[in-house]
Amino acid sequence: MIRYALAASAVCLACPALAQDLSTGTWIDLTHTLNEEAVFWPTAEMFEQETVAEGETEGGYYYSAYKFSASEHGGTHLDAPIHFAEGGDSADEVPIERLIGPAFVIDVTAQAAEDVDYRVTAADIEAFEAEHGEIPEGAIVLLNTGRAGLYPDREQYMGTAARGADAVADLHFPGLGEDGAALLVERGIGAVGLDTPSIDYGQSTDFAAHVELMTNGIPAFENVADMSALPPTGAFVVALPVKMEGGSGGPLRIVAHLPE
């Protein structure tokens, strides 16, 4: 049997002795399917797919091909630092070591159930650390608000199914607070993801969490799928976006590996 191991020293500077054996264990897909039902920001161009060819050819073999168009920011996707930081890394420039690493999953489903506009605070993160240890440098932090089960019902998931600039004022969903973002920057994390349409909560007008993270080179993963099977620590995340030159973001395939 071939055994694949990734040395965590490449992705987690605080965990040089750790390695992840990917030949056993369980893989969990944290990606929503990209299709015409995928959730996009109200002002963003939604996903469209067109058939170019599909069916039996004159040569006697089956052939299919399609073309698609969409905004960078829809479905499960990457926010590259350049999205909110002039001169920041674009989608093709985000270092691989920021996209692959040990996962630290902070569960705020109870808080988000009580307040649809909840913002994950520094105190939430510190409470997690008090139980599970300090989040190490290079970690991938996933914020589980429990919203993934509402996807792709846009009205339930993001507060409105309306389209256009006027609909932005009706957005309601949890996000990361500015003080929470600042603490994650202090910890030196590799990336942060959550199961809502934006790292900032729906009613944000200053996008403070985006600015705090991305001016410090930290990318974000948005519209992450159901995290309920992930433990607080011990999983390993691989999050690979489309390598789009100059892109401020793009479609993302994110998976987690759970060891046996």
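Residues numbered from 1 in each chain as written. Predicted model: local features only at pLDDT ≥ 70, side-chain atom pairs only at ≥ 80, totals over all residues. Heavy atoms only, no water.

Per an unreviewed UniProt entry, the protein goes by Kynurenine formamidase and derives from Palleronia aestuarii.

Draft legend 1. Fine view of a negative patch on the surface. Together, Glu36, Glu37, Glu45 and Glu48 give the surface a local cluster of negative charge. Summarising the element assignment, Glu37 is placed in the loop between strand E3 (26–29) and strand E4 (48–56). (Patch = residues over 30% accessible without salt bridge, like charges linked within 9 Å, V, L, I, M, F, W, Y side chains within 5 Å. Areas by Shrake-Rupley, 256 points an atom, 1.4 Å probe, with all protein chains shown as cover. Salt bridge = Lys/Arg side-chain N within 4 Å of Asp/Glu carboxyl O. Lys, Arg positive; Asp, Glu negative; His and termini not counted. Charge placed at Lys NZ, Arg CZ, Asp CG, Glu CD. Helix = DSSP H or I, 4+ residues; strand = E, 2+ residues; numbered from the N terminus.)

Draft legend 2. Inspection of the pairing of E4 at higher detail. Sheet topology places E4 next to strand E5 (residues 62–69); eight bridges connect them, and they run antiparallel. Bridging from a neighbouring strand, Glu54 pairs with Ser64 of E5. Counted along the chain from E4 to the antiparallel partner E5, the turn is five residues long, and its residue Gly60 has a positive phi close to 90°. (Pairing = 2+ DSSP bridges.)

Draft legend 3. Representation of helix H4 (residues 178–187) within the structure. Of the residues making up H4, those classed as buried are Gly180, Ala181, Leu183, Leu184, Val185 and Arg187. Here the buried face of H4 lies against strand E8 (119–120), helix H2 (122–132), strand E9 (140–144), strand E10 (175–176), strand E11 (191–194) and helix H5 (208–214). Downstream of H4 by one or two residues, Gly188 has phi in the positive range, about 75°. (Buried < 20%, exposed > 50% of the residue type's maximum accessible area, 1.4 Å probe, protein only. Contact = heavy atoms within 4.5 Å.)

Draft legend 4. Region of the structure containing the nonpolar core. Membership of the largest hydrophobic core comes to 26 residues, with the highest contact counts inside it found for Ile135, Leu176, Val192 and Leu213. Going through the elements one at a time, strand E7 (100–107), H2, E9, H4, E11 and H5 are the ones with two or more residues in this core. Among the elements that take part in this core, H4 stands out by supplying four residues, more than any other. Residues in contact with Leu213, not counting those within four places in the same chain, are Leu176, Ala181, Val185, Val192, Ile199 and Ile218. One finds Val105, Leu142, Met227 and Ile254 within the second-largest nonpolar core, a separate group that totals 23 residues. (Core = buried A, V, L, I, M, F, W, Y, C linked by side-chain atoms within 4.5 Å.)

Draft legend 5. Looking closely at the side chain of His73. If you trace the backbone, His73 turns up in the loop between E5 and strand E6 (77–79). Exposure remark for His73: the relative accessible area of 13% places this residue in the buried category. Here His83 takes part through its side chain, which lies 3.5 Å from a polar atom of the side chain of His73. Apart from the residues within four sequence positions on either side, His73 is in contact with Phe40, Trp41, Ala44, Leu78, Asp79, His83, Ser248 and Gly249. (Polar contact = N/O pair within 3.5 Å; in protein donor to acceptor, adjacent residues only side chain to side chain.)

Draft legend 6. Seen up close, the pairing of strand E14 (residues 249–258). Along E14, eight of the ten residues are buried, which leaves the element largely enclosed by surrounding structure. The pairing of E3 with E14 spans four bridges and is classified as antiparallel. In the strand pairing of E14, Trp27 is matched with His257. Here three bridges tie E6 to E14, and the two strands are oriented antiparallel to one another. Following the sheet pairing, Leu78 is matched in E14 by Gly250. As paired elements, strand E13 (residues 236–241) and E14 share six bridges and run antiparallel to each other. Note that in E14 the partner of Pro241 across the bridge is Leu252.

Draft legend 7. Molecular detail of the environment of Leu99. Inspection of the secondary structure assignment puts Leu99 in the loop between E6 and E7. Sequence separation of Leu99 and Pro241 is 142 residues, and the distance between their C-alpha atoms is 8.7 Å. Beyond its immediate stretch of four places on either side in the chain, Leu99 contacts Val94, Ile140, Phe221, Val237, Val238, Ala239 and Pro241.

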